[in-house]
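# Chains, contacts and geometry: an overview
Letter by letter, the chains look like this.
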Amino acid sequence: NWEKSSIKANHVSFIHNPIERFHKQPIVWQTLSILAERAQKSVIIQSPYIIPTKPMKKVIPQKTDSSAEWTILTNSVKSTPNIMAFSGYLETRDNIVQTGAKLYEYQKPFSIHGKSIVYDQNLSAVGSFNLDSRSAFLNTDSMVLIDSSAFANQLTKAIEKKITHSILVA
């Protein structure tokens, strides 16, 4: 029953990177960045791979730059299916923690593969975009933006459930 399992949304948008090969305009990353910079209360991110480039690192605010509380969930060395990507993440892990973001590493034997962001418990982004340069500049990744506090609440609860099986990196 679609009606019973549906959640009301004010608006839904689809964003994607260009289809051409190589050196893409990072439309998805730019859109997600703008939304993160506008967040007033919270930014909750779930991504299996977090390997930000220098320009991408500028979006994650320093402790004094933003009133929004940042929470980030990613795979741990135990749960990652891609040890090469994880080694790239290790290079930036301490920098992410120093921004004041709460960084969690998932500890279950199976990896998280969801890519989602919740802004201010109202707007959600769900799709194929990882927080890495491949998703920003090489792949034709896409995200669905959902303007719905009810959906944001359900997505946040799902991420928080995974956080209970994670460790806080400090």
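These notes cover the structure that comes with them. Within each chain, residues carry numbers counting from 1 in the order of the written sequence. In view of the model being predicted, local features appear only for residues whose pLDDT reaches at least 70, and side-chain atom pairs are presented and counted only at 80 or more, with totals across whole chains, interfaces and linings using the full set of residues. Think of the side-chain values as coming from all heavy atoms in the structure, minus any hydrogens and water.

## A word on the overall build of the protein
To be explicit about the condition: For the purposes of this entry, the term helix denotes a DSSP run of H or I that reaches at least four residues, the term strand denotes a run of E that reaches at least two, and both are numbered from the N terminus. Our radius of gyration is a C-alpha quantity, and the globule rule it is checked against amounts to 2.2 Å times the number of residues to the power 0.38. The rule is simple: take the accessible area with a 1.4 Å probe, protein chains only, and divide by the maximum for that residue type; under 20% is buried, over 50% is exposed, in between is partly exposed. Asp and Glu count as negative and Lys and Arg as positive, but His and the ends of the chain are not part of the count. By convention, the charge on Lys lies at NZ, on Arg at CZ, on Asp at CG and on Glu at CD.
Within the protein, the regular secondary structure consists of six helices and ten strands. Here the protein has a C-alpha radius of gyration of 16 Å; the compact-globule value for 170 residues is 15 Å, and the two agree. In terms of overall dimensions, the protein has C-alpha extents of about 45 × 40 × 35 Å along its principal axes. Within the protein, buried positions represent 44% of all 170 residues. For the protein, the separation between the mean place of its 19 positive charges and that of its 13 negative charges on side chains is 5 Å.

## Considering the nonpolar core
Going by this rule: Put simply, buried Ala, Val, Leu, Ile, Met, Phe, Trp, Tyr and Cys residues joined by side-chain atoms within 4.5 Å make one nonpolar core. Contacts: residue pairs with any heavy atoms within 4.5 Å of one another.
Ranked by size, the top nonpolar core spans 30 residues in total, and within it Leu 32, Val 43, Trp 70, Tyr 119 and Phe 129 carry the most contacts. Every element with two or more residues in this core is listed here: α2 (27–38), β2 (42–46), β4 (69–75), α4 (83–98), β6 (115–119), β7 (123–127) and β9 (142–147). No other element matches α2, which puts five residues into this core. Discounting residues that sit within four places of it in the chain, Val 43 has contacts with Ala 36, Ala 68, Glu 69, Trp 70, Thr 71, Ile 117, Val 118 and Tyr 119. If you look at the next biggest cluster of nonpolar residues, it comprises ten residues, including Leu 73, Tyr 104, Ala 152 and Leu 155.

## Looking at a nonpolar patch on the surface
Operational definition: Patches draw on residues past 30% relative accessible area with no salt bridge. Two like charges within 9 Å are joined, as are two nonpolar side chains (Val, Leu, Ile, Met, Phe, Trp, Tyr) within 5 Å. Accessibility throughout is a Shrake-Rupley quantity obtained with a 1.4 Å probe, and a residue counts as covered only by protein chains that appear here. Salt bridge, as used here, is a side-chain nitrogen of Lys or Arg placed within 4 Å of a carboxyl oxygen of Asp or Glu.
A cluster of nonpolar residues, Val 77, Ile 83 and Met 84, forms a patch on the protein surface that exposes about 330 Å² of accessible area. When you line up the elements, Met 84 lands in helix α4. We classify Met 84 as exposed; its relative accessible area is 64%.

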